[in-house]
Amino acid sequence: MSFSVTHSEITQRCANLAHQIADNLADRQSDDGSFPLPDFYAKAFAANLWARIDPDTYRINIDRALHALTHQPQDKSYHREFIEYALLDMPGLSQQKRLEILRASSNQCPDVANWQILVLINRQSRTNGIWGKAVGIAHYHFIRSRYWRSQVFLDRPRCFSAQYHAFCTALLADSQNRPQQKMAKTATRLIADMTGSHGYANLLGRGAGQSFGAVCALFTLLKYGAPDQACAILCHLEDAFDKCGSLPLNLLAPNPLPPNPGTINPGPANPKTPGWYSYNRHDDYLAFAGYWLSKAANLAPSKTASLLPKTPNQSSQVFLFSSKHCHAQMALTGHQCFDYTPAPVIVSGHDETACLLLPPTGGEQDSPSLYGPATAPLPALDGGDVARFVSAKRRSSNQVDITFELAGITGQRSIIFSDNNVTIKDQFPSTLPKKPDLFRILIDGNLDLRQVSDTEYTVPKIGVTITSDRPLSLDNDEAFSVTGAATRITAHGSNCATLKLRWEDQE
């Protein structure tokens, strides 16, 4: 698949995919305006999408959705911010109807950047008075001080998510406020760096691999002059839709939903739906994707020649490394296991040859899920005691050092990147009571690992050799990544070991 296409070709393809999603949503909609699976805001974004594409063709669907929204319970889970955003931007919707739908509901206002920005944008869209503008300015500066760090939107304080960085950027990029647009343009540089030529826009933090972040990244990249990166994302979206007959929630594991939704419980504990969390809803993400694709389809060509810097963006929150063989990413801060990256996420190859070698390994754990302690790529003791992540620091442009704790003893992991090697060294002092299992790094289960010796394996598909100075073992016991089943690589019975991933030149 070629990523080098014109702006008009990309926008036409965005329009085509948005139309396919609109038809898919119309087919899924019930007579009462709801969808087969539970949703929070699908009806609002679906109505917006249908109104954008063809309000006459989809008139019945729009009316059903608005009727259902009007009678939707406004309990503590009511996503007013998302619903109001979709309604405020919906062509042809009267203020009276919008107020009838929202009624007396209040904002949730969690301490999360994207929700706060939604409140800001919604207020700006409906308020013109002096007092409203003053509140908006104060709120904007609050958002900057709390969630903005050197070209990076934090998901929550000290926590990074590529998905929600992209969503925050898209919201401000689509704003009519010039300072907000300037902020979005700056933030898009990181999205371009993370996307590269492989097209995986959101591999770090909460929401890794989900369509939600991919479509936001596509929109901002296309708006600010990075069409090749936008097209790389679009190729993944199109391929996933073709494979599944709908746009799957997780693009890294594009599995279609069963024909009868009542036979499956898609979510965090289901091995057939990796990458889902307890609050994810298929139709929410489907309608949301269609909305941003339709917005992208109407973007004019950017006047900016290119946003790509000469060297990767490096912040205290995100580490990036690229060579001719691979692209690696790490989130260096966070509060929970899905925030930080104790083992790098590595995409092997570029353009159409790109594939995940070390995929994202954790998801939000606000309920039992596929991503328990067994999925943490950190050392552990026999019996299940897994090391606790303490901190990660960039030592140079090609080295990250990680500190963790196991049985009260502090250990270190050093990761060094070079043109055709990634070297990972784990070590503990000899005071550790028992010899630990080191590495426990997860390899995408779709790859064929072949054993050469007890210290060497190869991945022929991508020309990678994995070697260690200690014997290695492979297992898949409760080994799940965002791509699905994985293979765990472990070095047993030593306080110190070095693992090396080496790419062979294919010329």
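Everything discussed here concerns the structure shown above.
Note that this is a predicted model, so its numbers are computed, not measured. (Residues numbered from 1 in each chain as written. Predicted model: local features only at pLDDT ≥ 70, side-chain atom pairs only at ≥ 80, totals over all residues. Heavy atoms only, no water.)

## Some remarks on the sheet that holds strand 12 (residues 450-453)
And then number 1: Taken together, the 8 strands give an open sheet; going across it, the order is 7-8-9-10-18-14-13-12, and neighbouring strands pair in antiparallel fashion. Two strands close off the open sheet at either side, each with one partner strand: strand 7 (388-396) and strand 12. Sheet twist, expressed as the mean angle between neighbouring strand axes with direction ignored, is 20 degrees.
And then number 2: Examined bridge by bridge, strand 10 (residues 421-427) and strand 18 (residues 496-503) share 7 bridges and lie antiparallel to one another. In the strand pairing of strand 18, Gln-427 is matched with Cys-496. (Pairing = 2+ DSSP bridges. Helix = DSSP H or I, 4+ residues; strand = E, 2+ residues; numbered from the N terminus. Axes fitted to C-alpha atoms, helices over the stretch in contact; angles between N-to-C directions.)

## Section: the nonpolar core
And then number 1: Ile-21, Trp-50, Phe-167, Leu-237, Trp-292 and Leu-293 are the most contacted members of the largest nonpolar core, which has 94 residues in total.
And then number 2: No other element matches helix 12 (residues 282-297), which puts 10 residues into this core.
And then number 3: Contact partners of Trp-292, with chain neighbours within four places excluded, come to Tyr-85, Phe-167, Ala-170, Leu-171, Asp-174, Val-215, Cys-216 and Phe-219. (Core = buried A, V, L, I, M, F, W, Y, C linked by side-chain atoms within 4.5 Å. Buried < 20%, exposed > 50% of the residue type's maximum accessible area, 1.4 Å probe, protein only. Contact = heavy atoms within 4.5 Å.)

## Overview of the side chain of His-139
And then number 1: Its location among the elements puts His-139 in helix 7 (residues 130-147).
And then number 2: For His-139, a relative accessible area of 11% puts it in the buried group.
And then number 3: Excluding its chain neighbours within four sequence positions, the residues that come into contact with His-139 are Gln-116, Val-119, Leu-120 and Arg-123.

## Points about the packing of aromatic side chains
And then number 1: In this structure the tally under the stated criterion is 23 aromatic pairs.
And then number 2: Seen in terms of ring centroids, Tyr-85 and Tyr-291 are 6.1 Å apart; in terms of plane orientation they differ by 75 degrees. Their pairing is edge-to-face. Residue Tyr-85 is found in helix 4 (residues 80-88), and its partner Tyr-291 is found in helix 12; the two are separated by 206 residues along the sequence. The burial state of Tyr-85 is the same as that of Tyr-291; both residues are buried.
And then number 3: Residue placement shows Arg-206 over the ring face of Tyr-164; its charged tip is 4.1 Å from the ring centre. (Phe/Tyr/Trp six-rings, centres within 6.5 Å; stacked < 30°, edge-to-face > 60°. Lys NZ or Arg CZ within 6 Å of the ring centre and 35° of its normal.)

## Re the sheet that holds strand 4 (residues 326-331)
And then number 1: The strand order 3-4-5-6 describes an open sheet built from 4 strands, whose pairing is antiparallel. Lying at the two open borders of the sheet, with one neighbouring strand each, are strand 3 (318-322) and strand 6 (355-358). Sheet twist, expressed as the average angle between the axes of neighbouring strands with direction ignored, equals 20 degrees.

## Focus on the pairing of strand 9 (residues 409-417)
And then number 1: When strand 8 (residues 399-406) meets strand 9, the two strands line up antiparallel, connected through 8 bridges. Across the sheet, the residue bridging to Leu-406 is Ile-409, located in strand 9.
And then number 2: Connecting the antiparallel pair strand 8 and strand 9 is a turn made up of 2 residues, with Ala-407 showing a positive phi of about 55 degrees.
And then number 3: Of the strand pairs in this sheet, strand 9 and strand 10 are connected by 6 bridges, and their pairing is antiparallel. Residue pairing for strand 10: Arg-413 is matched across the bridge by Asp-426.
And then number 4: Between the end of strand 9 and the start of strand 10, which pair antiparallel, lie 3 residues.

These figures come from the coordinates and say nothing about function on their own.
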